[in-house]
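# Structural description and commentary
Chain residues, written in single-letter form:
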Amino acid sequence: MNAASEILMKQELSKEDIVSLLSLTNKEDHDTLIKKAYSIKESCVGKKDYVRGLIEFSNQCKKNCLYCGIRAGNTKVNRYSIPDEEILQVIEFAQKNKFTGIVLQSGEQNNIDFTKRITELIIKIKKATTPEFRITLSLGEQSFETYKEWFDAGAQRYLLRIEASDEELYKKIHPDNELHNYKTRLECLENTKRAGYQTGTGVMIGLPFQTIENLADDLLFIKKMNIDMVGMGPYLEHADTPLYKYKAMLLPLTERFNLSLRMIAVLRIMMPYINIAATTALQSIMPMGRERGLKAGANVLMPNLTPGKYRKSYLLYENKPCIDEEADECLDCLSHRVKMVGEEIAYDEFGDSKHFIKRKNN
Ligand code: SF4
């Protein structure tokens, strides 16, 4: 019996166990962990993966997160906001291609006009789609009232990544000011749940200053917060960001990639019924990265449906894949890739997090 098998026999993983699993560098142990997570995925959420179309509709942002390529302070970025009519065209395309939901993502803005625009956009999307079509929002920190207004207008899911659950680490990757306050982020996460959303969060893996203990705590944080959906992937540096100067501290890309797979696998074991995204950041390191994520326990893909002409202006990190493509090209390649790893896309399922359904019924 190898080191991984022994730990994986336990009913509940302690922090020490999680640290040991994340630290496995021996191939046999790593593979044992990945296989175990995949068997749990198969029995709890199945081998069909959910797909949400991602629309990065605006890169305007008032914040300055130290790792982010579209931070307000990066003057090299061409700022855009896609008009509603164009967003609705993308949604029409998504429906025609059997997508059962979309993710509306933008930089963080909070003002009355933005809140109102989103409320009206949600109402327009609801009118243009079937009642079951799911709207996920990823629009950063907002007041409880705003979250509730958008939920009441028809959005069902909200993604707000904590990025680093350790307060000290959070402070190292954000400016030290009220706009980037750790406690506000936590409150916002709680508020999305209170407003009624399926709530998603996530972290970056392989940040400068981050330890394996931090990552184990991230997974315990996700469990304690009773999160329904998770998107986490390797940290990828961007030259036009303040964090770039710590590049020399980073793990090599393949190690960041394998560590990310182990994070997904351990999380699947800890929370068998949640939805876990295989992120685009995995694909940035390896062409089949997202599919490897599916084999490690992830069950959600978010192909980018943002019209091609905007994609080069939404680079949160460098070497982002598919920035020269249009949506239909991405879909074709996604479907083939998923089949190559023995899975299929659940085009006709709404893909609510089973964890969320259980949470609501309790
Ligand atoms: S991570 Fe989000 S909130 Fe932070 S600067 Fe980038 S787009 Fe803005």
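Now for a description of the structure that goes with this document. None of the values given here were measured: they were computed from a predicted structure.

The subject of this paragraph is the site of the ligand. Taken together, C61, K63, C65, Y67, C68, I70, R71 and G107 are the residues near the ligand. Each residue belonging to the shell around the ligand can be placed in one class, and the counts come to five nonpolar, one polar and two charged.

Let us look at helix 6 (residues 144–153). Of the residues making up helix 6, those classed as buried are F144, T146, Y147, W150 and A153. Of the residues one or two after helix 6, G154 is the one with positive phi, at around 135°.

Within the structure shown, the criterion is met by eight aromatic pairs. Note on Y147 and Y197: the rings are 6.5 Å apart at their centroids and 80° apart in plane angle, and the pair reads as edge-to-face. Within this pair, whereas Y147 is found in helix 6, its partner Y197 is found in the loop between helix 8 (182–195) and strand 6 (198–201), the two being separated by 50 residues in sequence. Across the pair, Y197 and Y147 agree in class, each one buried. Residues Y170 and Y182 carry aromatic rings whose centres are separated by 5.2 Å and whose planes lie at 70° to one another, so their mutual orientation is edge-to-face. Taken together, the positions of Y170 in helix 7 (residues 167–172) and Y182 in helix 8 put the pair twelve residues apart, joining distant regions of the chain.

Conventions we followed
Residues numbered from 1 in each chain as written. Predicted model: local features only at pLDDT ≥ 70, side-chain atom pairs only at ≥ 80, totals over all residues. Heavy atoms only, no water. Near = heavy atom within 4 Å. Nonpolar A, V, L, I, M, F, W, Y, C, P; charged D, E, K, R; others polar. Buried < 20%, exposed > 50% of the residue type's maximum accessible area, 1.4 Å probe, protein only. Helix = DSSP H or I, 4+ residues; strand = E, 2+ residues; numbered from the N terminus. Phe/Tyr/Trp six-rings, centres within 6.5 Å; stacked < 30°, edge-to-face > 60°.

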